[in-house]
Amino acid sequence: MAEEIAPRSFSIKLWPPSDNTRQVIVDRMTKNLSTETFFSKKYVLFSKEEAHKEAARIEDAGFKASSELFMKEPDGDGSSAVQFYAKETSRLMIETLKRGPTVTPKVEPGPTVPPKVEPETNGELETQTQREVEPNVISAQNGTRQEGAVFDISGGKRSFIEAEEARELLSPLIQTRNWYTKIIFSNRSFGIEAAREAGPILESIKNQLLDVDLSDFVAGRPEEEALEVMKIFSLALEGSVLRYLNLSDNAMGEKGVRAFEALLRSQEQLEELYLMNDGISEEAAKALSELIPSTDKLKVLHFHNNMTGDEGAVAISEVVKKSSLLENFRWSSTRVGTDGGIPLAEALGACVNMKKLDLRDNLFGVEAGLALSKTITKLTGLKEIYLSYLNLEDEGTKEIVNALKSSVPGLEVLEIAGNEITAAAAPVFAALLGAGQTLKKLGLSENELKDEGAIVIAKAIEGQTGLKELDLSSNLIQRAGARALANAVVSKKEFELLNINGNAISDEGLDEVKEILKGSDVLGPLDENDVDLLEELDEEGEEEGAEGELEAKLGHLNVKSED
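A brief report on the enclosed structure follows. From a predicted model like this one, the values you see are computed outputs, not experimental measurements.

What counts and what doesn't
- Residues numbered from 1 in each chain as written.
- Predicted model: local features only at pLDDT ≥ 70, side-chain atom pairs only at ≥ 80, totals over all residues.
- Heavy atoms only, no water.
- Helix = DSSP H or I, 4+ residues; strand = E, 2+ residues; numbered from the N terminus.
- Buried < 20%, exposed > 50% of the residue type's maximum accessible area, 1.4 Å probe, protein only.
- Contact = heavy atoms within 4.5 Å.
- Areas by Shrake-Rupley, 256 points an atom, 1.4 Å probe, with all protein chains shown as cover.
- Pairing = 2+ DSSP bridges.
- Axes fitted to C-alpha atoms, helices over the stretch in contact; angles between N-to-C directions.
- Parallel < 35°, antiparallel > 145°, perpendicular 65-115°, else oblique.
- Nonpolar A, V, L, I, M, F, W, Y, C, P; charged D, E, K, R; others polar.
- Polar contact = N/O pair within 3.5 Å; in protein donor to acceptor, adjacent residues only side chain to side chain.
- Expected span 1.5 Å × (residues − 1).
- Phe/Tyr/Trp six-rings, centres within 6.5 Å; stacked < 30°, edge-to-face > 60°.
- Lys NZ or Arg CZ within 6 Å of the ring centre and 35° of its normal.

## Some details on the overall build of the protein
Then step 1. From N to C terminus, the protein includes 19 helices and 15 strands.
Then step 2. Relative to its full complement of 563 residues, the protein shows a buried share of 51%.
Then step 3. Of the contacts formed within the protein by residues at least 6 apart in sequence, a portion of 85% connects residues at least 24 apart.
Then step 4. For the protein, the computed accessible surface area is about 26800 Å², with 48% contributed by carbon and sulfur atoms.

So this is what it looks like as structure tokens:
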């Protein structure tokens, strides 16, 4: 057990109800006032118009009174406010029913039978009304995960959780009524005994859960214990109908993935799945492809920072192919080269609803880049694309940017740093900038555009009104390129950041840029500018050339041994 247990911390959000929740209550009261129900059959019905007006008035009065109570609650969790809200709206509806409509609704000709009012106490009616209203507060709160209450124990320092503390910490989940639809257990490390306490509790509420965050919940545990904890949680949540599942930061590997088999196999409605920094190897990726039964509803899939490799990418490609609704895909830092990049790029062609695509920090190479360019022509709704450090070079870059220009009219963010892009590819970026005004951020850092490429891009920016950020840091840019870029953005009121740090701008050039942009705060830091950068690179090149020449000469020498 950890030497120091961090303070317990969890959050509950029951008040105020969402606008959607309040509307549900208004609609239900409108129905009670205007159609024959347990309540209205004892009184004169309201017209639909007047019933809606009265229902809105009642709900607003109940909401205001409950909000005043909430402000006075010492614990501030909102549970008392919710109960009062149900009772107050019930009381006001009863008063309205007894008073009757101000305008008697039209009825079909026929014998008039006065409504029979049975002698019931006001308390009995309030109880019946509350049974009708209060469940709708709860069910409406549970309607979508954004509206549900959050049970969050992730605050404070990371700490080990054992049985006794787990029992106390999770006690709010076993109350007769709770509104929790989202649980966050990250940053707390559960042991086996703590998991055994948590298991039955989770099983008792799994049918109301929509979002489950189990990221980083077995940190520091021995492998055998961590796997057993994962199995306990998996079995407890098996059969839940989740929309969001986060299993990141658990060093799972294939064994961990299979420990969650019961939970994964039972999920048919998942919209978001996060498996970042989980040690997802080739074998683990294949296990995931096998265990995830359906991705028909999947919109977000994140695999950042795993060691999936090419074969793992091929396995996950099968999952991606079936995820036609996917909007946000993150496959950054997964050690995937050309052999895995090509099938993954092709699989993404099925995801025609894609809005955000992040493939950074892999070893795709030119061929995978070309495959990706063909896929991009199908992803016409893209808003953000992150392609840094993929070894695309000029050839792959040109094809991708041309595809974006011709097929993605609403693109807002393009990051393509560290791809050995030279001035030869600058015209395609100029064409992209000239094709529309939606691009807000362009990141080209750590390439080799030099002055020539910078000037081409600067000229394109002059006619661009939408761009807010431009990153050309570490591009071997000198005085002329820096000056052209400064002049291109100086008059743009909406422009926010010009990053030209890490280049080889002379002192005179820096002074000129600062003078051009004087009175503006768009210029980023220049602390890494190195005027001698090009000379150092030239010297390195000369040394490499000399070494190569020496090796060549030595290669022609015939060394004879002496007899």
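## Considerations on the pairing of strand β3 (residues 180–184)
Then step 1. Among the five residues in β3, four count as buried, and that is most of the element.
Then step 2. Inspection of the sheet shows strand β1 (residues 149–152) paired to β3 by four bridges, in the parallel sense. Residue pairing for β3: Asp152 is matched across the bridge by Ile184.
Then step 3. Here three bridges tie β3 to strand β5 (residues 211–213), and the two strands are oriented parallel to one another. Opposite Ile183, over in β5, you have Val212 as the bridge partner.

## As for the packing of helix α11 (residues 309–321) against helix α12 (residues 338–347)
Then step 1. Two elements in contact, α11 and α12, have axes whose closest approach is 8 Å; the angle formed by their N-to-C orientations is 5°. Overall, the two elements α11 and α12 adopt an arrangement that is roughly parallel. Of α12, the residues touching α11 (which contributes Asp310, Ala313, Val314, Ser317, Val320 and Lys321) are Thr338, Asp339, Gly340, Pro343, Leu344 and Ala347.
Then step 2. Counted by class, the contact of α11 with α12 contains six nonpolar, three polar and three charged residues.

## Here we look at the side chain of Ser333
Then step 1. Within the secondary structure layout, Ser333 lies in the loop between β9 (328–330) and α12.
Then step 2. Judged by relative accessible area, Ser333 falls into the buried class, the value being 15%.
Then step 3. A distance of 2.8 Å separates the side chain of Ser333 from the side chain of Asp361, its partner in a polar contact.
Then step 4. In contact with Ser333, not counting residues within four places along its chain, are His304, Asn305, Asn306, Arg360, Asp361 and Asn362.

## Some remarks on helix α2 (residues 48–72)
Then step 1. Taking 1.5 Å per residue, 25 residues should reach 36 Å; α2 reaches 36 Å between its end C-alpha atoms and fits that length.
Then step 2. Of the residues making up α2, those classed as buried are Glu50, Ala51, Glu54, Ala55, Ile58, Glu59, Gly62, Phe63, Ser66 and Phe70.

## A short note on unusual backbone geometry
Then step 1. Positive phi outside glycine occurs at Asp249, with the angle close to 60°.
Then step 2. Relative to the helices and strands, Asp249 is located in the loop between β6 (244–246) and α8 (253–259).
Then step 3. Assessed through its relative accessible area of 36%, Asp249 is described here as partly exposed.
Then step 4. The phi dihedral of Asn277 falls on the positive side, at around 55°, and the residue is not glycine.
Then step 5. You can see Asn277 is positioned in the loop between β7 (272–274) and α10 (282–291).
Then step 6. A residue is classified by how much of its surface remains accessible, and Asn277, at 36% relative accessible area, is partly exposed.

## Examining the environment of Glu311
Then step 1. By secondary structure assignment, the location of Glu311 is in helix α11.
Then step 2. Judged by its relative accessible area of 44%, Glu311 falls in the partly exposed class.
Then step 3. In the structure, Glu311 is positioned 29 residues away from Glu282 in sequence and 5.7 Å away in space, judged by C-alpha atoms.

## Concerning the packing of aromatic side chains
Then step 1. If you walk through the whole model with that rule in mind, you get eleven aromatic pairs.
Then step 2. Ring centres 4.9 Å apart and planes at 80° place the aromatic pair Phe217 and Phe233 in the edge-to-face group. Of this pair, Phe217 sits in the loop between β5 and α7 (223–237) while Phe233 sits in helix α7; the two residues are 16 residues apart in sequence, bridging distant segments of the chain.
Then step 3. The exposure class of Phe233 is buried, given its relative accessible area of 1%.
Then step 4. An aromatic cluster is defined as three or more aromatic residues linked by ring pairs; in this entry it consists of Phe151, Tyr180, Phe185, Phe190, Phe217, Phe233 and Phe260.
Then step 5. Note that Arg22 overlies the ring of Phe63, its terminal NZ or CZ placed 3.6 Å from the centroid.
Then step 6. In this structure, Arg221 packs its charged tip against the face of Phe160, placed 4.2 Å from the ring centre.

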